[in-house]
Amino acid sequence: EILCFLAERFPYLRKRLLPGQRVQVRANRYRVPDLCVTAENAPDEEIITTPPQLCIEILSPEDTMTRTLARVKDYFGMGVPICWIIDPVSCEGWVATRVATLVATPGHLEEATDGVLRAGGIEMPLAEILE
């Protein structure tokens, strides 16, 4: 749903939307976000080493916010500026943004109280993808 929504609403992202792609966050550590949006100038890579523009994590029933935030910290550590966290059960979402001076920690975590996740010019209403 999310991939289709973003590809349809933001056609310029189509080639940059990667579901389940392995991302090397450190020399010996990899993460697999549910979906990532690569940077506009990112090279084609089998394993992503160039920081994506956006990483999206969709919570499963066994996920905890603590474990999810650990993944977000890893993304921030490699230079990802924004992460979306989506809970399909509660129909809630959060936007985590990296503070440039605190690279390895989530600088700001904000619930999308209006139901819309935002990353630069990208907007995604949760109600449309979680119907």
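Let me sum up the structure you'll find in this document. (Residues numbered from 1 in each chain as written. Predicted model: local features only at pLDDT ≥ 70, side-chain atom pairs only at ≥ 80, totals over all residues. Heavy atoms only, no water.)

Our focus in this paragraph is the packing of aromatic side chains. Applying the stated criterion to the full structure yields one aromatic pair. Between Phe10 and Tyr12 the ring centres are 6.3 Å apart and the planes differ by 85°, which places this aromatic pair in the edge-to-face class. Exposure remark for Tyr12: the relative accessible area of 52% places this residue in the exposed category. Cation over ring: Arg22 sits above Tyr30, and NZ or CZ is 4.2 Å from the ring centre. (Phe/Tyr/Trp six-rings, centres within 6.5 Å; stacked < 30°, edge-to-face > 60°. Buried < 20%, exposed > 50% of the residue type's maximum accessible area, 1.4 Å probe, protein only. Lys NZ or Arg CZ within 6 Å of the ring centre and 35° of its normal.)

The next subject is the nonpolar core. Counting 22 residues, the largest nonpolar core has Ile2, Leu6, Ile56, Trp84, Ile86, Leu117 and Met124 as the members making the most contacts within it. Looking at this core, the elements with two or more residues in it are α1 (2-9), β4 (35-37), β5 (54-58), β6 (82-87), β9 (116-119), β10 (122-125) and α3 (126-129). In terms of residue count, the dominant contributor to this core is α1 (four residues). Within the second largest apolar cluster, 15 residues are counted, among which are Val23, Val25, Val72 and Val80. (Core = buried A, V, L, I, M, F, W, Y, C linked by side-chain atoms within 4.5 Å. Helix = DSSP H or I, 4+ residues; strand = E, 2+ residues; numbered from the N terminus.)

Let us look at the side chain of Arg16. Relative to the assigned elements, Arg16 resides in the loop between α1 and β1 (17-19). The side chain of Arg16 sits in the buried core without any salt bridge; Glu40 is the nearest counter-charge, 4.6 Å away. A distance of 2.8 Å separates a polar atom in the side chain of Arg16 from the backbone oxygen of Thr38. Excluding residues that lie within four positions of it along the chain, Arg16 makes contacts with Cys36, Val37, Thr38, Ala39, Glu40 and Gln53. (Lys, Arg positive; Asp, Glu negative; His and termini not counted. Salt bridge = Lys/Arg side-chain N within 4 Å of Asp/Glu carboxyl O. Polar contact = N/O pair within 3.5 Å; in protein donor to acceptor, adjacent residues only side chain to side chain. Contact = heavy atoms within 4.5 Å.)

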